[in-house]
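# Coordinates in review
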Amino acid sequence: MDMDLLIAPIIIFLIIVAPIWLILHYRSKRQVSQGLTEEEFSQLNQLIAQAEKMGNRIETLENILDTESPEWRAKHEHS
């Protein structure tokens, strides 16, 4: 009788859940293996360029602060 209780959920799982799970799994694997799309690659390059600009701006601002207020780093670390 205990076996009868397990058969129905196992059959439902094998007929409905397992195929959907496999389809979604292999679809996501295929998308990953294809790599970045042209649009994603373009967006990535734009983000890299923006990050480099921001890095340069931060460096410039730090240099200005070092010149105008040399103790700014010590004040910031104690906050």
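Residues numbered from 1 in each chain as written. Predicted model: local features only at pLDDT ≥ 70, side-chain atom pairs only at ≥ 80, totals over all residues. Heavy atoms only, no water.

## Describing the overall build of the chain
Across its full length, the chain carries 3 helices and 0 strands. Across the chain, helices and strands are ordered from the amino to the carboxyl terminus as α-α-α. For the chain, whose C-alpha radius of gyration is 28 Å, the value lies well above the compact-globule estimate of 12 Å for 79 residues. Projecting the C-alpha coordinates of the chain onto the three principal axes gives extents of approximately 85 × 40 × 10 Å. Entry remark: accessible area of the chain is about 7600 Å², with carbon and sulfur atoms responsible for 64%. (Helix = DSSP H or I, 4+ residues; strand = E, 2+ residues; numbered from the N terminus. Rg over C-alpha atoms; globule rule 2.2 N^0.38 Å. Areas by Shrake-Rupley, 256 points an atom, 1.4 Å probe, with all protein chains shown as cover.)

## Side note on the packing of aromatic side chains
As enumerated under the stated definition, the model contains 1 aromatic pair in all. Between Phe13 and Trp21, the aromatic rings sit 6.2 Å apart at their centres with planes inclined by 75°, giving edge-to-face as the arrangement. For Phe13, a relative accessible area of 36% gives the class partly exposed. (Phe/Tyr/Trp six-rings, centres within 6.5 Å; stacked < 30°, edge-to-face > 60°. Buried < 20%, exposed > 50% of the residue type's maximum accessible area, 1.4 Å probe, protein only.)

## Remarks on the pattern of salt bridges
All told, the structure shown has 2 salt bridges when counted by the stated rule. Among the ionic pairs, Arg73 bridges to Asp66, the shortest N-O distance being 3.2 Å. On the basis of relative accessibility, which here comes to 36%, the residue Arg73 falls in the partly exposed class. (Salt bridge = Lys/Arg side-chain N within 4 Å of Asp/Glu carboxyl O.)

## Topic: the environment of Ile58
Relative to the helices and strands, Ile58 is located in helix α2 (residues 38-68). The exposure class assigned to Ile58 is partly exposed, which follows from its relative accessible area of 46%.

## Focus: the environment of Ile20
Of note, Ile20 is situated in helix α1 (residues 2-34). Given the relative accessible area of 48%, Ile20 is considered partly exposed. Taking C-alpha positions, Ile20 is 58 Å from Lys75, a pair spaced 55 residues apart along the chain.

## A look at the confidence of the model for the chain
Parts of the model with low pLDDT should not have their predicted coordinates read in detail. When the pLDDT values of the chain are averaged, the result is 86; 94% of them are 70 or greater. Element-level pLDDT for the chain is lowest in helix α3 (residues 72-78), with a mean of 76, against a maximum mean of 93 in α2. (pLDDT = per-residue confidence, 0-100.)

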